[in-house]
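Fold and geometry: a report
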Amino acid sequence: MSMRIGVVTFPGSLDDGDAARAVRLAGAEAVRLWHADPDLHGVDAVVLPGGFSYGDYLRCGAIARFSAAMESIIDAAKGGLPVLGICNGFQILCEAHLLPGALTRNQHLHFRNRDQWLKVESTSTAWTGTFTDGQEILIPVKNGEGCYVADQRTLDELEATGRVVARYIRGNPNGSQRDIAAITNERGNVVGIMPHPEHAVEALTGPSLDGLGLFASVLAHLAGKTTAVPA
Amino acid sequence: MARVVVDVMLKPEILDPQGQAVANALPRLGVTDVTSVRIGRRIELEFSGDADLDRVREIADKLLANPVIEDFTIHAGERVEA
């Protein structure tokens, strides 16, 4: 039976369709989840897509964090459910305190939309296991509030514990501290990434197929976990 | 009714690019003696009865501000004629 990966739609989500499509291209079943529905419908992993949840009023992700679906996802993530937050999804994960730090207005104040090189720095998360350490990948970035900030102690801890998952290389599109593009929680099941892997899954519409690696990784992770469960 | 005002400001150590953009525009108005601009958000809460300031503090801490990057101050005591 194929793995089931949930993709949440918030009011204002705009990459939920692309995320669901990336899930299918990776070989899993995409299950659409609605922000007002606390039931996660037994999915094996969850993707929080990009967009502008609740219009990004107050702060990006601040209101979405209190949605019914997120209350369930926060509990499940603490129990080990793999969760990937892309762009606005990353902002929601920070607002939900599943990931440390915050995403603020791009330092140059401009919206950035371009293909971006990243260096994968941690392959020990649920979402990056099929990459090689130091692998360079090309996926699109498109954000207005993608500047990652945290206090020095948090940044040092992220570095020391190998929780910086990916860094911008050949240019930093938003001023993120220490060129951070993606981070993970202590357990490695929750990953937030500012660029958009779901837009790099097909030659026709993306600059590479590198984004598929994140979805392939979680399927490999889940397959490993399934066999590890005692009968 | 009671009105409580919550002011949310970016912490001093967090770069405020919006404030900087405004600061950089001031010389175009002939203003050259402003050394810093910080932009925040004013939120007004109106309560049907008296305001419980401990609850306001919790609301501000959980939702109105992100304590990772922002500080907030609470101003109470304004009574509003219904």
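Note that the structure is a prediction, hence the values are computed from the model and not measured.

Analysis parameters
- Residues numbered from 1 in each chain as written.
- Chains lettered and ligands numbered in written order.
- Predicted model: local features only at pLDDT ≥ 70, side-chain atom pairs only at ≥ 80, totals over all residues.
- Heavy atoms only, no water.
- Helix = DSSP H or I, 4+ residues; strand = E, 2+ residues; numbered from the N terminus.
- Buried < 20%, exposed > 50% of the residue type's maximum accessible area, 1.4 Å probe, protein only.
- Contact = heavy atoms within 4.5 Å.
- Areas by Shrake-Rupley, 256 points an atom, 1.4 Å probe, with all protein chains shown as cover.
- Lys, Arg positive; Asp, Glu negative; His and termini not counted.
- Charge placed at Lys NZ, Arg CZ, Asp CG, Glu CD.
- Rg over C-alpha atoms; globule rule 2.2 N^0.38 Å.
- Buried area = accessible area lost by both parts, 1.4 Å probe.
- Salt bridge = Lys/Arg side-chain N within 4 Å of Asp/Glu carboxyl O.
- Polar contact = N/O pair within 3.5 Å; in protein donor to acceptor, adjacent residues only side chain to side chain.
- Arc of directions from axis to C-beta.
- Phe/Tyr/Trp six-rings, centres within 6.5 Å; stacked < 30°, edge-to-face > 60°.
- Lys NZ or Arg CZ within 6 Å of the ring centre and 35° of its normal.
- pLDDT = per-residue confidence, 0-100.
- Pairing = 2+ DSSP bridges.
- Axes fitted to C-alpha atoms, helices over the stretch in contact; angles between N-to-C directions.

Another point: the overall build of chain A. Looking only at helices and strands, chain A features five helices and 11 strands. Seen through its principal axes, chain A has C-alpha atoms that stretch 50 × 40 × 35 Å. Looking at the 231 residues of chain A, the share that counts as buried comes to 58%. The long-range fraction of contacts in chain A, counting pairs at least 24 apart against all pairs at least 6 apart in sequence, stands at 72%. With the model as given, the accessible surface of chain A reaches about 9100 Å², and the carbon-plus-sulfur share is 53%. If the 19 positive side-chain charges of chain A are averaged to one point and the 25 negative ones to another, these points end up 2 Å apart.

Attention shifts here to the overall build of chain B. Scanning chain B from N- to C-terminus turns up two helices and three strands. Counting from the amino terminus, chain B carries its helices and strands in the arrangement β-α-β-α-β. Its C-alpha atoms give chain B a radius of gyration of 16 Å, clearly above 12 Å, the size a compact globule of 82 residues would have. Its C-alpha atoms put chain B at 45 × 30 × 15 Å along the principal axes. Relative to its 82 residues, chain B shows a buried fraction of 30%. Expressed as a percentage of contacts within chain B between residues at least 6 apart in sequence, the contacts between residues at least 24 apart total 76%. Accessible area of chain B: about 5300 Å², with a carbon and sulfur share of 50%. In chain B, the 10 positive side-chain charges and the 15 negative ones have mean positions that sit 3 Å from each other.

Here we take up the environment of A:I180. Relative to the elements of secondary structure, A:I180 occurs in strand 10 (residues 180–184). Excluding its chain neighbours within four sequence positions, the residues that come into contact with A:I180 are A:Y148, A:L155, A:V164, A:A166, A:R167 and A:Y168.

What follows covers the environment of A:A69. Residue placement: A:A69 occurs in helix 2 (residues 68–78). For the pair formed by A:A69 and A:V201, sequence separation is 132 residues and the distance between their alpha carbons is 27 Å.

Our next topic: the interface of chain A and chain B. It is common to report an interface's size as the accessible area lost on association of the parts. Listed as interface residues are 13 residues of chain A and, on the opposing side, 15 residues of chain B. When the area that chain A buries against chain B is broken down by residue, the three leading residues are A:L58, A:R59 and A:L109, summing to 42%. Across the pair A:R59 and B:E70 runs a salt bridge whose closest N-O atoms are separated by 3.6 Å. Counting the contacts that link chain A with chain B gives four residue pairs in polar contact (both at pLDDT 80 or more).

Here we take up helix 4 (residues 152–160) of chain A. Residue and element names in this part refer to chain A. Within helix 4, the full set of buried residues consists of T154, L155 and L158. The arc enclosing the buried residues of helix 4, seen along the axis, measures out at 100 degrees, which places them on a common side. More than 90 degrees from the buried face of helix 4, the exposed residues found are R153 and A160. At the exit of helix 4 stands G162, carrying a positive phi of roughly 65 degrees.

Residues and elements named next belong to chain A. When you line up the elements, G144 lands in the loop between strand 7 (136–143) and strand 8 (147–149). Residues G144 and R112, 32 residues apart in the sequence, show an inter-C-alpha distance of 6.4 Å. Residues within four places of G144 in sequence aside, it is in contact with R105, N106 and F111.

The next point concerns the packing of aromatic side chains. Residue and element names in this part refer to chain A. On inspection of all chains with the given rule, the structure shows one aromatic pair over all chains. Across from the ring centre of F66, 4.1 Å away, lies the NZ or CZ of R65, which sits over that ring. Sitting over the ring of W117, R170 keeps its end group 4.7 Å from the ring centre.

This part takes up the confidence of the model for chain B. Summary statistics for chain B give a mean pLDDT of 92 and a share of 94% for residues scoring 70 or more. Interface confidence in the predicted complex, given as ipTM, is 0.84; pTM for the same model is 0.93.

Residues and elements named next belong to chain A. Here N106 is to be found in the loop between strand 5 (102–104) and strand 6 (112–120). In this structure the side chain of N106 is engaged in a polar contact, spanning 2.9 Å, whose partner is the backbone oxygen of N143. Within polar-contact distance, the side chain of N106 engages the backbone nitrogen of G146 at 2.9 Å.

Now for the sheet that holds strand 1 (residues 4–9) of chain A. Residue and element names in this part refer to chain A. The mixed open sheet is built from nine strands, whose spatial order is 2-1-3-4-11-10-9-6-7. Strands at the two margins of the open sheet, each flanked by one partner only, are strand 2 (29–34) and strand 7. With direction set aside, neighbouring strand axes in the sheet form an average angle of 25 degrees. As paired strands, strand 1 and strand 3 (residues 45–48) are joined by three bridges and run parallel to one another. Within strand 3, the position partnered with I5 by the bridge is A45.

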